[in-house]
Amino acid sequence: MEVILKEDVRHLGHKNDIVTVKDGYANNFLFPQGLAILATESAKKQLAETMKQRAHKEEKLVADAKALAEKLNSVSVTIPTKVSQSGKIYGSVNNIQVAEALAAQGYEIDRRKIELKDADKISEIGTYDAIIDLYRNVEATIKVIVTDEAGKVTEKKEGTE
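Please read all numbers here as calculations on a predicted model, not as lab measurements.

Caption draft 1: Fine view of the overall build of the chain. Regarding its fold elements, the chain presents three helices and seven strands. What you see in the chain, going N to C, is helices and strands ordered as β-β-α-β-α-β-α-β-β-β. Relative to the 2.2 N^0.38 estimate, which gives 15 Å for 161 residues, the radius of gyration of the chain is 20 Å and therefore markedly larger than a compact globule would have. Counting only C-alpha atoms, the chain reaches 65 × 35 × 25 Å along its principal axes. For the chain, the proportion of its 161 residues judged to be buried stands at 32%. Looking at the chain alone, contacts between residues at least 24 apart form 51% of all its contacts between residues at least 6 apart. The average position of the 24 basic charges and that of the 26 acidic charges among the side chains of the chain differ by 3 Å.

Caption draft 2: Broad picture of the pattern of salt bridges. By the definition in use, this model includes nine salt bridges. With its nearest N and O atoms 3.8 Å apart, the salt bridge here joins Glu 115 to Arg 10. With Glu 115 in strand β5 (residues 114-116) and Arg 10 in the loop between β1 (2-5) and β2 (18-20), this pair connects stretches of sequence that are 105 residues apart. A relative accessible area of 39% places Glu 115 in the partly exposed class. Classification of Arg 10 as partly exposed rests on a relative accessible area of 46%. With a shortest N-O distance of 3.9 Å, Lys 52 and Glu 49 are connected by a salt bridge. Taken together, the positions of Lys 52 and Glu 49, both in helix α2 (residues 41-72) and three residues apart, correspond to about one turn of that helix. The class of Glu 49 is partly exposed, set by a relative accessible area of 38%.

Caption draft 3: Expanded view of unusual backbone geometry. Phi is positive for His 11, which is not a glycine, with a value near 65 degrees. Following the sequence through the fold, His 11 ends up in the loop between β1 and β2. Residue class for His 11 comes out exposed when judged on its relative accessible area of 74%. Positive phi, close to 70 degrees, is recorded for Asn 16, a residue that is not glycine. Looking at the secondary structure, you find Asn 16 in the loop between β1 and β2.

Caption draft 4: Summary view of the environment of Val 3. Summarising the element assignment, Val 3 is placed in strand β1. Those residues within four positions of Val 3 in sequence are excluded, and the remaining contacts are Asp 17, Ile 18, Val 19, Val 21, Ala 26, Leu 30, Phe 31, Ala 36, Ile 37 and Ala 39.

Caption draft 5: Inspection of the packing of aromatic side chains at higher detail. Within this structure, the stated rule accounts for one aromatic pair. Measuring from ring centre to ring centre gives 5.5 Å for Tyr 25 and Phe 29, while their planes differ by 20 degrees; the resulting arrangement is stacked. Taken together, the positions of Tyr 25 and Phe 29, both in helix α1 (residues 23-33) and four residues apart, correspond to about one turn of that helix.

Caption draft 6: Looking closely at the environment of Ala 140. Among the structural elements, Ala 140 can be located in strand β7 (residues 138-148). C-alpha separation for the pair Ala 140 and Glu 70, spaced 70 residues apart in sequence, amounts to 7.3 Å. When sequence neighbours within four positions are dropped, the list of residues in contact with Ala 140 reads Ala 69, Leu 72, Asn 73, Ala 130, Ile 131, Ile 132 and Leu 134.

Caption draft 7: Quick look at the pairing of β7. Relative to β7, strand β4 (residues 76-81) runs parallel, the two being bridged by six bridges. The residue bridging Pro 80 from the neighbouring strand is Thr 147, located in β7. Counting the residues in the hairpin turn of strand β6 (residues 126-135) and β7 gives two residues, including Asn 137, whose phi is positive at 60 degrees.

What counts as what
Residues numbered from 1 in each chain as written. Predicted model: local features only at pLDDT ≥ 70, side-chain atom pairs only at ≥ 80, totals over all residues. Heavy atoms only, no water. Helix = DSSP H or I, 4+ residues; strand = E, 2+ residues; numbered from the N terminus. Rg over C-alpha atoms; globule rule 2.2 N^0.38 Å. Buried < 20%, exposed > 50% of the residue type's maximum accessible area, 1.4 Å probe, protein only. Contact = heavy atoms within 4.5 Å. Lys, Arg positive; Asp, Glu negative; His and termini not counted. Charge placed at Lys NZ, Arg CZ, Asp CG, Glu CD. Salt bridge = Lys/Arg side-chain N within 4 Å of Asp/Glu carboxyl O. Phe/Tyr/Trp six-rings, centres within 6.5 Å; stacked < 30°, edge-to-face > 60°. Pairing = 2+ DSSP bridges.

So, in structure tokens, the structure goes:
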């Protein structure tokens, strides 16, 4: 079934994309949540007209996103956490903490656009990567430094797990 996305849907597409999904996914999730509409001929024509009018605004948005991505690629954030004697962190580091750390540096990024690479492997202090989806096909990668509450970063020792 072809649908037109009304909002960005992670791992599916961006707003105003026409995508093909299974009927059950569309009927049980996308339509009730208001995330998509059925891609009829009239809806496609209306989308084409809207996209034509929005084309010049789109160029500015892409340019702004690329400029922000260049700035963010050199940014690193430090997140202090409680750490055990062996260097394992208590709890976990998540995208909310990264968004708050970025906000403290003056970058207002929606937490839902931040994806921690190997989030399930962040169990020790160290340096990790986070990918920020700024706009269609425009991403930035930042360094996330997980430290203990005293601000110490000790790299993982070989053979200890």
